[in-house]
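Given next are the chains, with one letter for each unit.
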Amino acid sequence: MNDRQEQWQAAERLALTLAEGGLQRMAARTLAVFLFTDQDSVTAGEIAERLDASAGAVSGAVKSLLSVGLIERLPAPGSRREHYRLRDDAWARLFTSQNTAFQAMLQAARTGVETTAEHDPAHRRLTQMRDFYEFMLDEIPAMLDRWRRHRQPDRRM
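If you're wondering where the values come from, they're calculated on a predicted model, not measured in any experiment.

Reading the values: the criteria
- Residues numbered from 1 in each chain as written.
- Predicted model: local features only at pLDDT ≥ 70, side-chain atom pairs only at ≥ 80, totals over all residues.
- Heavy atoms only, no water.
- Helix = DSSP H or I, 4+ residues; strand = E, 2+ residues; numbered from the N terminus.
- Rg over C-alpha atoms; globule rule 2.2 N^0.38 Å.
- Buried < 20%, exposed > 50% of the residue type's maximum accessible area, 1.4 Å probe, protein only.
- Contact = heavy atoms within 4.5 Å.
- Areas by Shrake-Rupley, 256 points an atom, 1.4 Å probe, with all protein chains shown as cover.
- Lys, Arg positive; Asp, Glu negative; His and termini not counted.
- Charge placed at Lys NZ, Arg CZ, Asp CG, Glu CD.
- Core = buried A, V, L, I, M, F, W, Y, C linked by side-chain atoms within 4.5 Å.
- pLDDT = per-residue confidence, 0-100.
- Expected span 1.5 Å × (residues − 1).
- Pairing = 2+ DSSP bridges.
- Axes fitted to C-alpha atoms, helices over the stretch in contact; angles between N-to-C directions.

> Requested: an account of the overall build of the protein chain, with residues and values cited.
Summing up its helical and strand segments, the protein chain has six helices and three strands in all. Counting from the amino terminus, helix and strand elements in the protein chain follow one another as α-α-β-α-α-β-β-α-α. Taken against the 2.2 N^0.38 rule, which gives 15 Å for 157 residues, the C-alpha radius of gyration of the protein chain at 20 Å runs more than 25% over that of a compact globule. In terms of its C-alpha atoms, the protein chain occupies a principal-axis envelope of roughly 65 × 50 × 35 Å. Here the protein chain holds 157 residues, and the buried ones make up 31% of them. Within the protein chain, residue pairs in contact and separated by at least 24 positions form 51% of the contacts whose partners lie at least 6 positions apart. A total of about 10,800 Å² of accessible surface is found on the protein chain, and carbon and sulfur atoms cover 50% of it. The centroid of the 22 positive side-chain charges in the protein chain is displaced by 3 Å from the centroid of its 22 negative side-chain charges.

> Describe the nonpolar core, with residues and values.
Formed by 23 residues in total, the largest nonpolar core has its most connected members in Phe34, Ile47, Leu51, Val58, Val62, Leu65 and Ile71. Going through the elements one at a time, helix 1 (3-20), helix 2 (25-36), helix 3 (44-51) and helix 4 (55-67) are the ones with two or more residues in this core. Of the residues forming this core, the biggest block, seven residues, is contributed by helix 2. In this structure Leu51 touches Glu12, Met26, Arg29, Thr30 and Val33, once residues within four positions along its chain are discounted.

> Tell me about the confidence of the model for the protein chain, and please be specific about residues and values.
Summary statistics for the protein chain give a mean pLDDT of 90 and a share of 97% for residues scoring 70 or more. Looking across the protein chain, the model is least confident in helix 5 (residues 90-115), with a mean pLDDT of 88, and most confident in strand 3 (residues 83-86), with 96.

> Break down helix 2 for me, with residues and values.
Here helix 2 is 12 residues long and its end C-alpha atoms lie 17 Å apart, about the 16 Å a rise of 1.5 Å per residue gives. Taken residue by residue, helix 2 has Met26, Ala27, Ala28, Arg29, Thr30, Leu31, Ala32, Val33 and Phe34 as its buried positions.

> Would you mind going over the sheet that holds strand 1 (residues 42-43) in detail, with residue names and values included?
Taken together, the three strands give an open sheet; going across it, the order is 1-3-2, and neighbouring strands pair in antiparallel fashion. With partners counted over all chains shown, the strands left at the sheet margins are strand 1 and strand 2 (71-74), one partner each. Sheet topology places strand 1 next to strand 3; two bridges connect them, and they run antiparallel. Among the inter-strand pairings, Val42 is bridged to a residue of strand 3, identified as Tyr84. The sheet strands contacting helix 2 are strand 1, strand 2 and strand 3, and the helix crosses strand 3 at an angle near 80°. In this fold helix 4 packs onto strand 2 and strand 3, with an angle of close to 105° to the strand it touches most, strand 2.

Next up, the structure:
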């Protein structure tokens, strides 16, 4: 087996892991293309060819990845096709977009706490859930700030 075949097998394994983690299968496979490509950008047609997938399936996956901020559309002068690439800040953006889900979970927990009696076991569980999401939402900005500082090159050199 050559290096390229091994690389694409690794990409498919990664896509499977992402799908098991909750990402739609085609979006996971498409994201794997972005992670493993040796090109600066790819078109939907190139993704479809690489994955042996339909244009419609790839289009839906690309829209999904665009909507959560993992990839971005690039200008491609002279080309009639849309070009896309993985964002440099993809993972921080994805984590930031999770704030919406965290906010929804927090609101659901708060509502549950308000509607249960203090002595009810559900009240205790919902209070723990509320406290967890409040903690996470308080911590995320500082953690992302530390991540950005960690990623910056040392300017003292």
